[in-house]
Amino acid sequence: MSSKIFLIAFFVAIVASLALATEYVVGDDAGWKLNFDYQKWAEGKQFVVGDELIFKYTDKTHNVHRVNGTAFQQCMAPAESEALTSGSDVITLATPGRKWYICGVGKHCANGMKLAITVSAEVQAPAPSPASVADKISPRKSCAWILASMAFFRMMMA
Ligand SMILES: *[C@@H]1O[C@H](CO)[C@@H](O)[C@H](O)[C@H]1NC(C)=O
Ligand SMILES: [Cu+2]
């Protein structure tokens, strides 16, 4: 009986975790720094409304500006007072569409500190090509689904 309750709780927890937003540390371990290819980093990632970008930098010689496409192309930072400067700047992707971010310090933007992404309204179905399916399903989410299915199956059999 109690193991059944445990399994139900486990199943509910797994399903709830699937609905949670993904947090992306921009640049992963490299963080937000000079001479890094953030376009390459963003390649193949699926950003969805509700996900979060975290810009991490330990030295305070950087900042983060959300800009428009024109300012992104020309590396034109808005007023410095509008910059995010905490060194662990969290940006929630609140709306779908194209988003642009740059570092407004010196020539950092021209030296790679720029990121452009596209945010989708919801998770899109993986492409039908079998070769690309494995790349599109995040390992964390597919693992969670397998665990959830196993828990559900065991619950039904108990
Ligand atoms: C883009 O941003 C720049 C700098 O903040 C601003 O001057 C410009 O008017 C903006 N362009 C558009 C199309 O909103
Ligand atoms: Cu910088």
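This text gives an overview of the structure that appears in the document. (Residues numbered from 1 in each chain as written. Chains lettered and ligands numbered in written order. Predicted model: local features only at pLDDT ≥ 70, side-chain atom pairs only at ≥ 80, totals over all residues. Heavy atoms only, no water.)

## Side note on the nonpolar core
W32, F47, L53, F55, L115 and I117 are the most contacted members of the largest nonpolar core, which totals 19 residues. Among the secondary structure elements, those contributing two or more residues to this core are helix 2 (38-42), strand 3 (52-56) and strand 7 (114-120). V67, A71, F72 and C109 belong to the second-largest nonpolar core, a separate cluster that totals 6 residues. (Core = buried A, V, L, I, M, F, W, Y, C linked by side-chain atoms within 4.5 Å. Buried < 20%, exposed > 50% of the residue type's maximum accessible area, 1.4 Å probe, protein only. Helix = DSSP H or I, 4+ residues; strand = E, 2+ residues; numbered from the N terminus.)

## Looking at the side chain of D89
Mapped onto the elements of the fold, D89 is located in strand 5 (residues 88-92). For the buried D89, no salt bridge is present, and the opposite-charge side chain at shortest range is K60, 7.8 Å distant. (Lys, Arg positive; Asp, Glu negative; His and termini not counted. Salt bridge = Lys/Arg side-chain N within 4 Å of Asp/Glu carboxyl O.)

## Observations regarding the sheet that holds strand 3
Pairing is mixed in the open sheet, where 3 strands are placed in the order 1-3-5. Unpaired on one side and paired on the other, strand 1 (23-25) and strand 5 mark the two borders of the sheet. Averaged over all neighbouring strand pairs, the angle between strand axes comes to 20°, with direction disregarded. Of the pairings in the sheet, the one linking strand 3 to strand 5 comprises 5 bridges and is antiparallel in character. Its bridge partner lying in strand 5, L53 is registered against I91. (Pairing = 2+ DSSP bridges. Axes fitted to C-alpha atoms, helices over the stretch in contact; angles between N-to-C directions.)

## Considering the coordination of the copper ion (ligand 2)
On the protein side, the copper ion (ligand 2) has H62 (ND1), C103 (SG), H108 (ND1) and M113 (SD) as donor atoms, found 2.0 to 2.7 Å from it. Classification of the site at the copper ion (ligand 2) as irregular follows from its 4 donor atoms and the range of 86 to 136° in their angles at the metal. Read from N- to C-terminus, the donor residues coordinating the copper ion (ligand 2) fall into the pattern H-x40-C-x4-H-x4-M. One end of the pair, H62, is in the loop between strand 3 and strand 4 (65-67); the other, H108, is in the loop between strand 6 (97-102) and strand 7, with 46 residues separating them in the sequence. (Donors = N, O, S within 2.8 Å, 3.2 Å for Na, K, Ca; no water. Tetrahedral: all angles 85-135°; square planar, octahedral: opposite > 155°, others 65-115°.)

## Overview of the environment of N111
Here N111 shows up in the loop between strand 6 and strand 7. A relative accessible area of 38% places N111 in the partly exposed class. Each C-alpha atom of the pair N111 and L34 lies 6.2 Å from the other, and the pair is 77 residues apart in sequence. With residues near it in sequence (within four places) discarded, N111 still touches L34 and N35. At 2.9 Å, the side chain of N111 forms a polar contact with the backbone oxygen of K107. (Contact = heavy atoms within 4.5 Å. Polar contact = N/O pair within 3.5 Å; in protein donor to acceptor, adjacent residues only side chain to side chain.)

## Focus on the state of the cysteines
Disulfide: a covalent bond formed between the sulfur atoms of two cysteine residues. Applying the stated rule across the entire model yields 1 disulfide. The disulfide partner of C75 is C109, and the S-S distance across this bridge is 2.0 Å. Looking along the S-S bond of the C75-C109 disulfide, the torsion reads about -70°, which is the left-handed sense. Of this pair, C75 sits in the loop between helix 3 (69-74) and strand 5 while C109 is found in the loop between strand 6 and strand 7, placing the two residues 34 residues apart along the sequence. (Disulfide = S-S within 2.5 Å.)

Function-wise, these values are silent; they only describe arrangement.
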